[in-house]
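An overview of the molecular structure
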Amino acid sequence: MVTIISVLYRNRSLLELNLGLTKLLNPGAKCHWIIADNELQGNTVRSASITNIRGVERTQTSDKGSLHHARALQKCLDCVDSRFVLAMDPDFFVVQPHWLRRVISHVKKHDIAFFGSCWHPQWSHQYRYFPSIHFMLIDLEKVPVASVNFLPSIEDDRFWHLVNNDSSLVPEWIRQTLKIGRIRDTGWQIYRRYFGRSGFRCETVVPSFRPPDSRRVRLERKLAFLLPERLGVVPQRAGAFTKVSFLEGACPRAWRRGWEEYFWREEPFAFHLRNVGRGVSAESEVELAREVLEGFDLGEIRSAQPVRLHR
């Protein structure tokens, strides 16, 4: 049994599409959804496989990162009673058939505690090589649920505030270097507690990424044998990313929008819109998401909405 936890907030159409797609691709899978309504409009869900809970109020304070989202995920976690819990963004679309069964079988076979999508390498200020909350599966038989803390810790990090402040006194390249892997946003506390810890194996799917052809990246490439990982804007670990893209040829419009792509077992695994909420509405992107999904020949995507959220 897998419990998927997601947050509803200005992403209704994408969440509905993802609910239907997940059901379409995973027939017969034992899966239950818990959805936190951060719009606080009393939404209901007409499905026996979904539990809808009231979300949280938005905190009107500066520089708290994704606190609103994280607090809602934490509230969902309180309702989980299954072995596996999967935090998944509504705009993170997995495209492999039977992926729930295949992923669960894989993590059991290889004794994995955390499985998911890493932060895309373009976000160099985030942690690396560990699942992000965009798609993070946790085995709660290995990881005590009380230790899973999604909440960010940005507000108390004085060093981050210092280097994140645009000051003419500090050269930009130095500021950017000091920010690599530094931000303590949602999921960071889980990463800090479990990454590299014996007995808690983690695995991530492979992002599609082409490092920019900048002077800095070229220099990093030449000095890779001397440069510590902590100082590089591009991940150095072998297999950390692939330059292959499945969106570039299949749907150039989505590729140009910067949608993130992930591979698993050398096959397309998922794409993540990422730009929703950053000046782009879910409604403006949902048709393009459908177009991409239809290109995978996964079935009748336009009818893959057996689950509706109702106001």
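Right, let's walk through the structure included here. Each residue is numbered by its place in its chain's sequence as written, counting from 1. Selection of residues for local features in this predicted model requires a pLDDT of at least 70, selection of side-chain atom pairs for listing and counting requires 80 or more, and totals for whole chains, interfaces and linings are taken over all residues. Excluded from the side-chain calculations are hydrogens and water; all other atoms, namely the structure's heavy atoms, are used.

**A word on the packing of helix H1 (residues 12-25) against helix H10 (residues 282-294)**
- To obtain an axis, a line is fitted to C-alpha atoms, over the contacting stretch when the element is a helix, and the angle between two such axes runs from 0 to 180 degrees between their N-to-C directions. A run of DSSP states H or I qualifies as a helix once it reaches four residues; a run of E qualifies as a strand once it reaches two. Both are numbered from the N-terminal end. Contact pair H1 / H10: the axes reach a minimum separation of 8 Å and the direction vectors enclose 25°. With respect to each other, H1 and H10 are oriented roughly parallel. In this structure, H1 uses Ser13, Leu14, Leu17 and Leu21 to contact H10, whose residues at the interface are Ala282, Glu283, Val286, Ala289, Arg290 and Leu293.
- Any residue that is not Ala, Val, Leu, Ile, Met, Phe, Trp, Tyr, Cys, Pro, Asp, Glu, Lys or Arg is counted as polar, Gly included; the first ten are nonpolar and the last four charged. Across the contact of H1 with H10, the residue classes tally to 7 nonpolar, 1 polar and 2 charged. In these notes the angle categories are as follows: under 35 degrees is roughly parallel, over 145 is roughly antiparallel, 65 to 115 is roughly perpendicular, and the rest is oblique. Only heavy atoms matter for contacts: two residues are in contact if any of them lie within 4.5 Å across the pair.

**Focus on the pairing of strand E5 (residues 84-88)**
- For each residue, the accessible area found with a 1.4 Å probe, counting protein chains only, is set against the maximum for its type, and the residue is called buried under 20%, exposed over 50%, and partly exposed in between. Counting buried residues in E5 gives 5 out of 5 residues, a clear majority hidden from the surface.
- On E5, burial covers both faces: Phe84, Leu86 and Met88 on one face and Val85 and Ala87 on the other are all buried.
- Only strands that DSSP links by at least two bridges are regarded as paired with each other. One ladder, built from 4 bridges, connects strand E1 (residues 2-8) with E5; its direction is parallel. For Thr3, the partnering residue across the bridge sits in E5 and is Val85.
- Pairing analysis gives 5 bridges linking E5 to strand E8 (residues 131-139), with the strands arranged antiparallel. From the neighbouring strand, Phe84 faces E8, where its bridge partner is Asp139.

**Re a nonpolar patch on the surface**
- Together, Phe159, Leu162, Leu169, Val170, Trp173, Ile174 and Leu178 make up an exposed nonpolar region whose accessible area comes to about 710 Å².
- At the level of elements, helix H4 (158-164) and helix H5 (172-179) are the ones that each hand at least two residues to the nonpolar patch.
- Of all the elements, H5 adds the most residues to the nonpolar patch, at 3 residues.
- Structurally, Phe159 is set in helix H4. Patch membership is restricted to residues that have no salt bridge and whose relative accessible area is over 30%. Joining uses 9 Å for like charges and 5 Å for the nonpolar side chains Val, Leu, Ile, Met, Phe, Trp and Tyr. Under the convention used here, a 1.4 Å probe and the Shrake-Rupley method define accessible areas, while residue burial counts only the protein chains that appear. Within this document, salt bridges are pairs made up of a side-chain nitrogen of Lys or Arg and a carboxyl oxygen of Asp or Glu, the two lying within 4 Å of each other.

Purely geometric stuff here, so don't read any function into it on its own.
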